[in-house]
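# Structural overview
The chain contents come next:
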Amino acid sequence: MLLRPAPMHIPDGFLSTVVSVAFWVISMAAVAYALRRTGKDLGERQVPLMGVLAAAIFAGQMLNFSVTGGTSGHLLGAALATILVGPWPAVVVMTTVVSVQALVFQDGGLLALGANLFNMAVIGVAVSYFVYTSLRRLTRGASWGLFVSGFAGAWSSIFIASLAAGLQLALSGTSPANLAVPAMGGIHALIGVGEGLITVGALAFLHATRRELVAAEPAAARGGSGVWAFGLGIALLLSVFSPLASANPDGLEWVAEQEGFLEAARSPLFDIIPDYIFPGISNQALATILAGILGTLIVFGVALGVAYLRRKGKAAA
């Protein structure tokens, strides 16, 4: 079974060089600013939470669910990260996940990485933050408002990011805007429902067990090392179930098949753990589990290290 874990990870070949470079510049500027703001705003208790979130989002992205029409989707996680740690740390968390996916697992092209970061780490976080905070104000802090706002923020993050990807395809001349944008938006409107339900489920669990994590202010997060160890354990457990993911094509691949530009995708420049299959292991399920566990630990370590360095820099200043 070939896993296809990302609904909007654009491979090299789908975007023109000019568009790819432009979005590299935009994304790097946004990530640099997010790193600076993270160092300024990050609370001590949020440092391990960023690592746990990155690990959980990476593992969750390996669990594709089937969507009507023969395609699949999975958790993006931008809304969940935004709700739990705030927008600037969430950009850093999503950047860590998407970058490790591209560099280690060849999930998304290196030239297209800037566009993927823009769609998922910048647009995904910005849209979910705007929708979530706006609805939370309208619901005046009611407990049910957490779930309504979380669902709307999660759905919107998927839908708007997919439209951005469609526009990038159109700007590159890969597919006309009147075809690429509606096709991407239509299939991801369905995938967004799954995103919203998963986000609500995660928020309900946290609301019942660690309510301070979903407080109105992200900086209110509290918890000892046992809590974060438990969270990392959950992320690793999700990795164990990764072989059960749907093998249906993801949203972008489905659109590429329908619109006839799938063959434009280029092979990666190098292979480390391509397609989330650990090399040298004949049992594909075991190879997928090992790849998932390794990836989960890598993103946990990277996100934790970045958060710790930013927090240390703030303390020194």
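The present account deals with the structure reproduced in this document. Throughout, a residue's number is its position along its own chain's written sequence, starting from 1. With the structure being a predicted model, the display of local features is reserved for residues of pLDDT at least 70 and the display and counting of side-chain atom pairs for 80 or more, all residues being used for whole-chain, interface and lining totals. In computing side-chain values, all of the structure's heavy atoms are included and hydrogens and water are not.

### Observations regarding a nonpolar patch on the surface
A surface patch of nonpolar side chains, amounting to about 680 Å² of accessible area, comprises Phe 205, Phe 230, Ile 234, Leu 237, Val 240, Phe 241 and Leu 244. Under the scheme used here, helices are H or I runs from DSSP no shorter than 4 residues and strands are E runs no shorter than 2 residues, and both carry numbers assigned from the N terminus. The element that contributes the greatest number of residues to the nonpolar patch is helix H8 (residues 225-240), accounting for four residues. Along the polypeptide, Phe 230 turns up in helix H8. Exposure above 30% relative accessible area and the lack of any salt bridge qualify a residue for a patch; like charges then connect within 9 Å, and the nonpolar side chains Val, Leu, Ile, Met, Phe, Trp and Tyr within 5 Å. Surface accessibility follows the Shrake-Rupley procedure with a 1.4 Å probe radius. Residue values consider only the protein chains on display as shielding. Any carboxyl oxygen of Asp or Glu within 4 Å of a side-chain nitrogen of Lys or Arg constitutes a salt bridge here.

### Side note on the packing of aromatic side chains
Only centres within 6.5 Å qualify two rings of Phe, Tyr or Trp (six-membered ring in Trp) as a pair; their planes then separate them into stacked at under 30 degrees, edge-to-face at over 60, and tilted for everything else. Tallied over the full model, the rule gives seven aromatic pairs. Ring centres of Phe 58 and Phe 105 lie 5.4 Å apart, and the angle between their planes is 45°; this geometry places the pair in the tilted category. You can see Phe 58 sitting in helix H2 (residues 46-61) and its partner Phe 105 sitting in helix H4 (residues 87-105), a full 47 residues away along the chain. Burial here depends on accessible area, computed with a 1.4 Å probe over protein chains only, as a share of the maximum for the residue type. Under 20% is buried, over 50% is exposed, and the range in between is partly exposed. A relative accessible area of 0% means that Phe 58 is categorised as buried. An aromatic cluster of three or more residues is present, and its members are Phe 58, Phe 105 and Tyr 276.

### Topic: helix H7 (residues 177-209)
Working rule for helices: expected span equals 1.5 Å times residues minus one. Under the 1.5 Å per step criterion, the end-to-end length of H7 is 45 Å for 33 residues, consistent within 8% with the ideal 48 Å. At every residue, the bend is computed as the angle between two fitted axes, covering the seven residues ending there and the seven beginning there respectively. At Ala 189, H7 shows its maximal kink, close to 30°.

### Overview of the environment of Gly 124
Looking at the element boundaries, Gly 124 is found in helix H5 (residues 113-138). Here Gly 124 falls in the buried class, since its relative accessible area comes to 0%. Each C-alpha atom, one on Gly 124 and one on Ala 152, is 12 Å from the other, the two residues being 28 residues apart in sequence. In what follows, residue pairs with any heavy atoms lying within 4.5 Å of each other are defined as contacts. Non-local contacts of Gly 124, meaning those with residues more than four positions away in its chain, are made with Ala 78, Asn 119 and Ser 157.

### Describing the environment of Leu 49
Along the chain, Leu 49 turns up in helix H2. Along the chain, Leu 49 and Ala 202 lie 153 residues apart, while their C-alpha atoms are 14 Å from each other.

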